[in-house]
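# Notes for the structure review
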Amino acid sequence: MDKNLPALDIPQDFLAGGNIDIDILRYYTRFPCKIRAAIFFMPTAGSMRATVNFSEFTVRKGEFVFLVPDSYIQIHSITRNFRFYFAAFSAAFLDKVNMTSTTFEFIPAISQNPVLKLSETLYPLFTDFYELLFKWSTCPELSVNTDSVKSVLSIIMQQIAPLYSVQHPAGQGKAGRDREIYRQFILLLHEFYDREHRISFYAERIGITVQHFCNTVKKTTGKRATEIIDKFLIMEAKTRLRFTDMPVKNIAFGLGFSNSNFFFKWFRNHTGLTPLQYRNGEEEPIVGDDIIQFDPYHTL
């Protein structure tokens with residue numbers, strides 16, 4: 001795989017299948033990877049432990065995972081019998097069909113809660129659906145065009161949206177308003193992270209005081225707003241350091257730092273490594289008897 005790839009994407013509009021070679025999964029254990037595509041996957045055996053964005057999850061049979069575009073993932077461990085079905089839609093295709101607008105209200109919630117639990121009734125239905133997708137996507141006699149792929153994406157979203165509304169409800173009253181403020185913050189952060197690091201900027205854009213903004217984010221997530229901004233920037237910095245050959249000073253400026261020396265100190269304070277040490281690190285996974293356990297150089 002080309003180390004200069006900016007992020008994980010697929011070369012065609014749509015791809016479906018069962019399982020990915022272990023060596024490819026191993027690649028995503030060494031550092032956070034940014035996902036450009038929209039990826040849906042469903043474990044059918046075994047389990048995987050990974051950090052998605054700011055939170056760690058263990059996923060296993062009976063669950064469904066949606067990695068929204070611009071998510072970050074780092075795999076920590078998988079069982080040797082880990083198997084799954086997946087469907088992926090490329091970033092170029094998503095731009096063509098304006099997928100972001102159709103899932104606008106769900107993206108922040110899905111980004112922080114990517115795992116859905118499937119009931120005993122739903123699981124076999126989803127399994128049948130994925131098997132059909134795989135056969136359809138690989139059949140040379142069938143046309144896999146933009147309209148048909150758009151229909152597949154629409155079907156998936158129509159099925160998972162109600163599940164998210166039940167398992168991760170937006171809520172009503174003050175709690176609902178607090179989650180709405182956090183939702184707006186995450187959307188703004190995706191848009192302005194490389195230009196604005198100031199808490200006051202996000203509070204002003206949402207239309208509330210800085211104190212109200214900070215208190216709401218802390219109450220909703222258990223994290224400070226500055227911590228969330230820093231985590232977002234760290235994941236993006238790690239991705240650019242490992243996936244590109246850009247000079248460190250260019251990465252610093254591209255992430256909104258006006259001084260490369262400050263970026264150097266900031267990165268070291270958050271990771272324990274200099275940017276060049278992180279870029280040059282060659283971590284190797286540790287293989288156990290039953291679990292392939294990865295020991296990253298520095299995890300999220």
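We now turn to the structure provided with this report.

## Let's talk about the overall build of the protein
Helix and strand content of the protein: 13 helices and 11 strands. The buried share among the 300 residues of the protein stands at 48%. Within the protein, contacts between residues at least 6 apart in sequence are counted, and of these 76% link residues at least 24 apart. About 14700 Å² of surface is accessible on the protein, with carbon and sulfur atoms providing 53% of the total.

## Examining the pairing of strand S4 (residues 47-52)
Looking down a regular strand, the side chains alternate between one sheet face and the other. Of all six residues in S4, five are buried; the element is thus mostly enclosed. In the sheet, S4 pairs with strand S5 (residues 55-60) via six bridges, with the strands oriented antiparallel. Residue pairing in the sheet places Thr51 in a bridge with Glu56 of S5. As consecutive antiparallel partners, S4 and S5 are separated by two residues, and within that stretch Asn53 has a phi angle of approximately 55°, a positive value. Here five bridges tie S4 to strand S7 (residues 71-79), and the two strands are oriented antiparallel to one another. Paired with Val52 across the strands is Ile73, a residue of S7.

## Here's the deal with helix H10 (residues 225-243)
If you check H10, its first and last C-alpha atoms are 27 Å apart, about what 19 residues at 1.5 Å a residue would give, namely 27 Å. Of all 19 residues in H10, 15 are buried; the element is thus mostly enclosed.

## Details of helix H9 (residues 210-221)
The terminal C-alpha atoms of H9, which comprises 12 residues, lie 16 Å apart, in line with the 16 Å expected from a rise of 1.5 Å per residue. Within the sequence span of H9, burial applies to Phe213, Thr216 and Val217. Within H9, the buried residues cover an arc of 95° as seen down the axis, which keeps them to one side. Exposed residues lying more than 90 degrees from the buried face of H9 are Gln211 and Lys219. In the stretch just after H9, Gly222 is the one whose phi turns positive, near 80°.

## Observations concerning the pattern of salt bridges
For the structure on display, the rule yields 10 salt bridges. The shortest N-O distance in the salt bridge between Arg183 and Glu180 comes to 2.8 Å. With a gap of three residues between them, Arg183 and Glu180 both fall in helix H7 (residues 173-192), about one helical turn apart. Here Glu180 falls in the partly exposed class, since its relative accessible area comes to 25%. Through salt bridges that share partners, Lys34, Arg36, Asp70, Glu236 and Arg240 make up one connected network.

## Thoughts on the packing of helix H8 (residues 199-206) against H9
Across the interface, H8 lies against H9 with an axial gap of 9 Å and an inter-helix angle of 95°. The orientation of H8 with respect to H9, classified from their angle, is roughly perpendicular. For the pair H8 and H9, the contacting residues are Ile199, Ser200, Tyr202, Ala203 and Ile206 in the first and Val210, Phe213 and Cys214 in the second. Grouping the amino acids of the contact of H8 with H9 by side-chain chemistry returns seven nonpolar, one polar and no charged.

Thresholds applied
Residues numbered from 1 in each chain as written. Predicted model: local features only at pLDDT ≥ 70, side-chain atom pairs only at ≥ 80, totals over all residues. Heavy atoms only, no water. Helix = DSSP H or I, 4+ residues; strand = E, 2+ residues; numbered from the N terminus. Buried < 20%, exposed > 50% of the residue type's maximum accessible area, 1.4 Å probe, protein only. Contact = heavy atoms within 4.5 Å. Areas by Shrake-Rupley, 256 points an atom, 1.4 Å probe, with all protein chains shown as cover. Pairing = 2+ DSSP bridges. Expected span 1.5 Å × (residues − 1). Arc of directions from axis to C-beta. Salt bridge = Lys/Arg side-chain N within 4 Å of Asp/Glu carboxyl O. Axes fitted to C-alpha atoms, helices over the stretch in contact; angles between N-to-C directions. Parallel < 35°, antiparallel > 145°, perpendicular 65-115°, else oblique. Nonpolar A, V, L, I, M, F, W, Y, C, P; charged D, E, K, R; others polar.

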